[in-house]
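Take a look at the letters that make up each chain.
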Amino acid sequence: MKVRNLNIPSLLGMLLFATLTFQGCSDDEDTVYDTDSTYSESTEDTATDDDITIAEVGETHEEDSDYVWDASSVVYITLNGSSITVDGDGATVDGSEVTIGSAGNYEITGTLSDGQITVDTDDEETVRLILNSVDITNTSGSPINIASSEKTIVILSENTINELTDTNNYVYDEDEDEPNATLFSDDDLTIYGEGALIVNANYNDGIASKDGLVIASGNLTVNAVDDGIRGKDYLYVKDGYIVVNAEGDGLISDNDEDTNTGWVLIDGGAFVITADGDGIFAESVVEITYGDFTIVTGGGHTSSLGTDDSAKGIKSGGNILIEDGIFDIDSADDNLHASYDITITTGTFTLATGDDSIHADDAVEIDGGTFDITDAVEGIEAPDIIISDGEIYINSSDDAINAAGNTNNFLYINGGYIVITSSGDGLDANGDIEMTGGTVIVNGPTSQSNSPIDYDGTFYLNGGFLVASGYGSNMDEAGSNVSDQNSLLVKLSSTQSAGKLFHIENGSGEEILTFAPEKAYKSIVFSSSELSTGSYTIYLGGSSTGTVTDGVYEGGTYTPGTQYDTFSVSGTVTTVD
């Protein structure tokens, strides 16, 4: 058994979030989900410490001994179309059904045209099912039904292809509704091996455990009319190549009755998930150490959903914690969605969504990684947003980064490189913004109903480089007077075409800014450590031999266009109009 421990910096960050949250939210019933450093809160009125229940992630049924057994003890089960033979003790045959009644190691081979493998034992030891090129179909139930077992290990023999298929017709005894998956376990289940398993679920779920499910390795393909792979108490994936085509959710853990359960933990593997519902869903916590994910949900970002439909890429009723990985997510709904916090340490993200790309009901913390949000309504949205590092590109039809949802909302930019193309606000806070480092480039709205920078409280600037183009809205704002770094708002008398240079130089003729917005613009917001007390000249147009990156030129020689205006900086905020 093991309990995962996360790093102290993440813990401190989440403690900060908790302090802000309990000061700013009101709820009647709170459940907090914890992965030793993160937690989640579902809220309705006022929060108190007595209402909080902690859930730890990472304690599983896995043991090292699961993967070691005595080959001489193996019982051989041979499937012969409509009949079954057993060589050894522990299993009994009834026509085309075999029941394993004792713990032990059972190797199964052959084809069963209409039958079932059942495990039903009260023994405290482990049952191992070694699948060696099996092809099992059941027309009235689950091909493999683990009705009772302390723990079952399904082993995919090396270089074998194993296939399980059911139909849309399950026959139950009165008042029964299980088994309800093609590979079903009422108890703890582990799958591993160097072979392949194909699951064709025509009735309900593909692979389901009512307790914990561990996938240690293997090549799995699951086609399901409902959920693909389900571990009710938890789903832990260590490695493997997993393809899921599901009309429900792709990977899911949904126990909502015990706060120590309902989590998904992924340490590695490659995943190709196509789901009508959510790609990955956990009732409490999703934690990803590493993985390579290709996820399409709800038909992708150009599809429409019903009011009650959920088709999110990765969704948690508590927290999402991503330490690293490669993520290519195209979803009709949010790409990443948490009812509490999302924390991202690093990773590579290519994201497209019909709604928000990264959404948390409480806090989003980004400490690194590369993000290419190619299409979103809103890019990043949460009451508290902290960006400390990373390379982030956002293309949004509404606000790109939006701190909103609570009474007190905060956007902190402490570092990173952020490039925004938005039809709504570029940076928006229904509260305060604080920028102490990093680079932010905003190609803002081309209508006066939005602005490149929008905040309700204060915008404290104490470092970093900021340039943002807008359309001359009355809502356009630079930094606040409380800032320690100067900022500038320029409202132009006429609209400038996309790509036309906006240039500022100081009284000595030194370049302070040369910027080519990618959209038409009528206003510019600028802040840099180089914007100090003194006199400056603004030019429009002209050309530069400098190196251009995301519209910002560095070095080279600027050939002046038309001199627009001169101004002097004597205070923290300067407006030119």
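Here is what the cut-offs are and how they apply
- In this numbering scheme, every chain counts its residues from 1 along its sequence in written order.
- Two thresholds apply to this predicted model, a pLDDT of at least 70 for residue-level local features and 80 or more for giving and counting side-chain atom pairs, whereas whole-chain, interface and lining totals are computed over all residues.
- The side-chain numbers reported here are obtained from all heavy atoms of the structure, hydrogens and water having been left aside.
- Runs of E in the DSSP output that reach at least two residues are strands. Runs of H or I that reach at least four are helices, and both are numbered from the N terminus.
- Relative accessible area decides the class of each residue, using a 1.4 Å probe on protein chains only: under 20% of the type maximum gives buried, over 50% gives exposed, and in between gives partly exposed.
- Here a residue-residue contact requires only that any non-hydrogen atoms of the pair lie within 4.5 Å.
- His is not counted here, nor are the chain ends, while Lys and Arg score as positive and Asp and Glu score as negative.
- Taken as the charge location is NZ of Lys, CZ of Arg, CG of Asp or CD of Glu.
- What pLDDT conveys is the predictor's confidence in a given residue, as a value from 0 to 100.
- Whenever a carboxyl oxygen of Asp or Glu lies within 4 Å of a side-chain nitrogen of Lys or Arg, that contact is scored as a salt bridge.
- Here, strands pair whenever DSSP counts at least two bridges between them.
- Note on terminology: a nonpolar core comprises buried Ala, Val, Leu, Ile, Met, Phe, Trp, Tyr and Cys residues joined through side-chain atoms within 4.5 Å.
- Here a Phe, Tyr or Trp ring, Trp counted by its six-membered ring, pairs with any other such ring whose centre lies within 6.5 Å, and the pair is stacked when the planes are under 30 degrees apart, edge-to-face when over 60, and tilted otherwise.
- Distance and chemistry together define a polar contact, namely a pair of N or O atoms within 3.5 Å, with one atom able to donate a hydrogen and the other to accept it when in protein, and with adjacent residues in sequence counting only for side-chain atoms on both sides.

For the rest of this paragraph, the subject is the overall build of the chain. Per the secondary structure count, the chain includes one helix and 57 strands. Each principal axis of the C-alpha atoms in the chain carries an extent, and together these give about 95 × 50 × 40 Å. Taking all 577 residues of the chain together, the buried fraction comes to 58%. Sequence-distant contacts in the chain: of pairs separated by 6 or more residues, those separated by 24 or more amount to 53%. Side chains of the chain give 14 positive and 105 negative charges; the mean places of these two sets differ by 4 Å.

On to unusual backbone geometry. Put simply, glutamate 178 and proline 179 share a cis peptide bond, and its omega is 5 degrees. Looking at the element boundaries, proline 179 is found in the loop between β10 (161-166) and β11 (181-185). Although it is not a glycine, asparagine 159 adopts a positive phi angle of roughly 65 degrees. The exposure class assigned to asparagine 159 is exposed, which follows from its relative accessible area of 71%. A positive phi angle, close to 55 degrees, is found at aspartate 550, a residue other than glycine. Structurally, aspartate 550 can be placed in the loop between β53 (547-549) and β54 (552-554). A relative accessible area of 28% means that aspartate 550 is categorised as partly exposed.

This paragraph deals with the confidence of the model for the chain. Close inspection of predicted coordinates is inappropriate for parts of the model with low pLDDT. Scored by pLDDT, the chain comes out at a mean of 91, with 90% of its residues at no less than 70. Confidence over residues 1-54 falls short of pLDDT 50; this stretch has 144 contacts with residues more than four positions distant or in other chains.

Our next topic: the pattern of salt bridges. Enumeration according to the criterion identifies eight salt bridges in this entry. Close ionic contact of aspartate 66 with lysine 151 constitutes a salt bridge, the shortest N to O distance being 2.7 Å. Highlighted residues: aspartate 66 in the loop between α1 (8-24) and β1 (75-81) and lysine 151 in strand β9 (residues 151-156), separated in sequence by 85 residues. Residues aspartate 66 and lysine 151 agree in their burial class; the two are buried. For lysine 312, the salt bridge is made with aspartate 333, and the minimal N-O distance between the two is 2.9 Å. Of this pair, lysine 312 sits in the loop between β25 (292-297) and β26 (314-316) while aspartate 333 is found in the loop between β28 (326-331) and β29 (336-338), placing the two residues 21 residues apart along the sequence.

Glancing now at the pairing of strand β36 (residues 384-387). Within a regular strand, the side chains alternate between the two sheet faces. Side chains of β36 alternate between two faces, with Asp384 and Ile386 and Ile385 and Ile387 buried alike. Examined bridge by bridge, β36 and strand β39 (residues 410-413) share four bridges and lie parallel to one another. From the neighbouring strand, isoleucine 385 faces β39, where its bridge partner is leucine 411.

Judged by nonpolar contacts, the single largest core of 98 residues is most densely connected at Ile207, Ile229, Ile280, Ile314, Leu336 and Ile401. If one sorts the elements of this core by residue count, strand β7 (residues 127-138) sits on top with five residues. Once you skip the residues sitting within four places of it in the chain, isoleucine 401 turns out to touch Ile380, Ile385, Ile387, Ile394, Leu411, Ile418, Ile420, Gly426, Leu427 and Asp428. Ranked by size, the runner-up nonpolar core spans 23 residues in total, among them Leu492, Phe502, Ile538 and Val576.

Only one face of strand β42 (residues 432-435) is buried: it carries Ile433 and Met435, and the other face, with Asp432 and Glu434, is open. With four bridges connecting them, β39 and β42 associate as parallel partners. By the bridge assignment, phenylalanine 410 is partnered in β42 with aspartate 432. Here β42 pairs with strand β45 (residues 459-461) via three bridges, running parallel. By the bridge assignment, methionine 435 is partnered in β45 with leucine 461.

Looking now at the packing of aromatic side chains. Using the criterion set out here, one finds 15 aromatic pairs in the structure. Centroid distance phenylalanine 271 to phenylalanine 293: 4.7 Å. Interplanar angle 5 degrees. Geometry classified as stacked. Separated by 22 residues along the polypeptide, phenylalanine 271 in strand β22 (residues 270-275) and phenylalanine 293 in strand β25 bring together distant segments of the chain. Note on phenylalanine 271: relative accessible area 2%, which makes it buried. Three or more aromatic residues joined by ring pairs make a cluster, and in this case those are Phe271, Phe293, Phe327, Phe349 and Phe371.

What follows covers the environment of alanine 352. Here alanine 352 lies in strand β31 (residues 348-353). Separated by 39 residues in sequence, alanine 352 and glycine 313 have C-alpha atoms that sit 9.9 Å apart. Those residues in contact with alanine 352 that lie beyond four places of it in its chain are His301, Ile329, Asp330, Ser331, Asn335, Thr374 and Asp375.

Owing to a relative accessible area of 1%, aspartate 66 belongs among the buried residues under this scheme. Only 2.7 Å separates the side chain of aspartate 66 from the side chain of lysine 151, close enough to count as a polar contact. Apart from the residues lying within four places of it in its own chain, the contact partners of aspartate 66 are His61, Arg128, Lys151 and Ile153.

Turning next to the environment of aspartate 87. Along the chain, aspartate 87 falls in strand β2 (residues 83-87). Placed 407 residues apart in sequence, aspartate 87 and serine 494 show a C-alpha to C-alpha distance of 88 Å. When sequence neighbours within four positions are dropped, the list of residues in contact with aspartate 87 reads Val75 and Tyr76.

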